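Structural overview
Single-letter residue listing:
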Amino acid sequence: MSVKGQTLTVQTPIPQKHLSRFRNKTGIYLIRRNETVLFVGSSKNIYKAVMRHFQKGGALSELNRNKLTFEIIESNLLFRNIETVLKRYYLPKFNKRIKPKGKPSRYERSHYKRILEAYLNQTRFEVQAEHKTDLNNS
């Protein structure tokens, strides 16, 4: 999906054992339990950042990471914008709450709306265990 010439690619949610594919990959990650988003973050090394949350003293250390799924978003948009939009939309339990700095401009509102629409149009969480190409083969 593209947002004014910029791409936003949402990967199919994966279990923790497949997360190592994202070593040294830059992007945004959502940590989910079932359909509930627990944490939204971004990093230059997704694998290291996620594993850091589960270490002793980490934000998610009390959770069993084998029962969670991880959704990865790759994009050439500013990660801060995507991360902010997703945090405001999902209000994840383990993220610090975002306190808006004043009223967003009309441009920011429309830009954030386009990002959210692009994300929601691509997310495949509702169709667990199916890939977009699987649907064409049936």
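Report on the accompanying structure. Everything numeric in this text was worked out from a predicted model, so none of it was measured. (Residues numbered from 1 in each chain as written. Predicted model: local features only at pLDDT ≥ 70, side-chain atom pairs only at ≥ 80, totals over all residues. Heavy atoms only, no water.)

Section: the nonpolar core
Put simply, the rule is: Here the nonpolar core consists of buried residues drawn from Ala, Val, Leu, Ile, Met, Phe, Trp, Tyr and Cys, with membership extended through side-chain atoms lying within 4.5 Å. The buried label applies to any residue whose accessible area, calculated with a 1.4 Å probe on protein chains only, is under 20% of its type's maximum; exposed applies above 50%, and partly exposed to all values in between. Secondary structure elements are defined from DSSP: runs of H or I of at least 4 residues count as helices, runs of E of at least 2 residues count as strands, and each element is numbered from the N terminus. Should any heavy atoms of two residues lie within 4.5 Å, those residues are counted as being in contact.
Core analysis: the biggest nonpolar cluster contains 19 residues, and Leu-19, Tyr-29, Ile-31, Val-50, Phe-54 and Phe-70 have the highest contact counts within it. At the level of secondary structure, the elements contributing two or more residues to this core comprise β4 (27-33), β5 (36-43), α1 (46-54) and β6 (69-75). Discounting residues that sit within four places of it in the chain, Ile-31 has contacts with Thr-36, Val-37, Leu-38, Phe-39, Val-50, Phe-54, Leu-60, Leu-68, Thr-69 and Phe-70. Listed in part, the 17 residues of the second largest apolar core include Phe-79, Val-85, Tyr-112 and Leu-116.

Here's the deal with the side chain of Gln-16
Here Gln-16 is to be found in the loop between β3 (14-15) and β4. With near-sequence residues (within four places) excluded, Gln-16 lies in contact with Met-51, Arg-65, Asn-66, Leu-68 and Phe-70.

Things to note about the pairing of β4
Note the cut-off: At least two bridges found by DSSP between two strands is the condition for calling them paired.
Here β4 lies mainly inside the structure; six of its seven residues are buried. In sequence, β4 turns back onto β5 through a hairpin of two residues, with Asn-34 there showing a positive phi of about 55°. Relative to β6, β4 is paired through five bridges, and the arrangement is antiparallel. Bridging from a neighbouring strand, Leu-30 pairs with Glu-71 of β6.

Description of the environment of Gly-41
The residue Gly-41 is located in strand β5 in this model. Its relative accessible area of 3% is what places Gly-41 among the buried residues. Distance in space between the C-alpha atoms of Gly-41 and Tyr-29 is 5.4 Å, their sequence separation being 12 residues. In contact with Gly-41, not counting residues within four places along its chain, are Gly-27, Ile-28, Tyr-29 and Glu-83.

Focus on the packing of aromatic side chains
Given two aromatic rings, one states the distance between the centres and the angle between the planes to describe the pair. Quick note on the threshold: In this analysis, rings of Phe, Tyr and Trp, with Trp reduced to its six-membered ring, are considered paired at centre separations within 6.5 Å, and the interplanar angle assigns stacked below 30 degrees, edge-to-face beyond 60, and tilted for intermediate values.
Enumeration over the complete set of coordinates arrives at four aromatic pairs. With centroids separated by 4.9 Å and ring planes inclined at 80°, the aromatic side chains of Tyr-89 and Tyr-90 adopt a geometry described as edge-to-face. Judged by relative accessible area, Tyr-89 falls into the partly exposed class, the value being 43%. By relative accessible area, Tyr-90 is classed as partly exposed at 22%. Through a chain of ring-to-ring contacts, the aromatic side chains of Tyr-89, Tyr-90 and Tyr-119 assemble into a single cluster.

Examining the pattern of salt bridges
Note the following rule: In the sections that follow, a salt bridge refers to a side-chain nitrogen of Lys or Arg positioned within 4 Å of a carboxyl oxygen of Asp or Glu.
Counting across every chain of the model gives two salt bridges. For Glu-71, the salt bridge is made with Arg-32, and the minimal N-O distance between the two is 2.9 Å. Of the two residues, Glu-71 sits in strand β6 while Arg-32 sits in strand β4, which places them 39 residues apart along the sequence. The pair formed by Glu-71 and Arg-32 is uniform in burial state, with each residue classed as buried. Among the ionic pairs, Glu-83 bridges to Lys-87, the shortest N-O distance being 3.1 Å. Taken together, the positions of Glu-83 and Lys-87, both in helix α2 (residues 79-90) and four residues apart, correspond to about one turn of that helix. Note on Glu-83: relative accessible area 15%, which makes it buried.

A closer look at unusual backbone geometry
Of note, Asn-34 is a non-glycine position whose phi angle comes to about 55°, a positive value. Here Asn-34 is to be found in the loop between β4 and β5.

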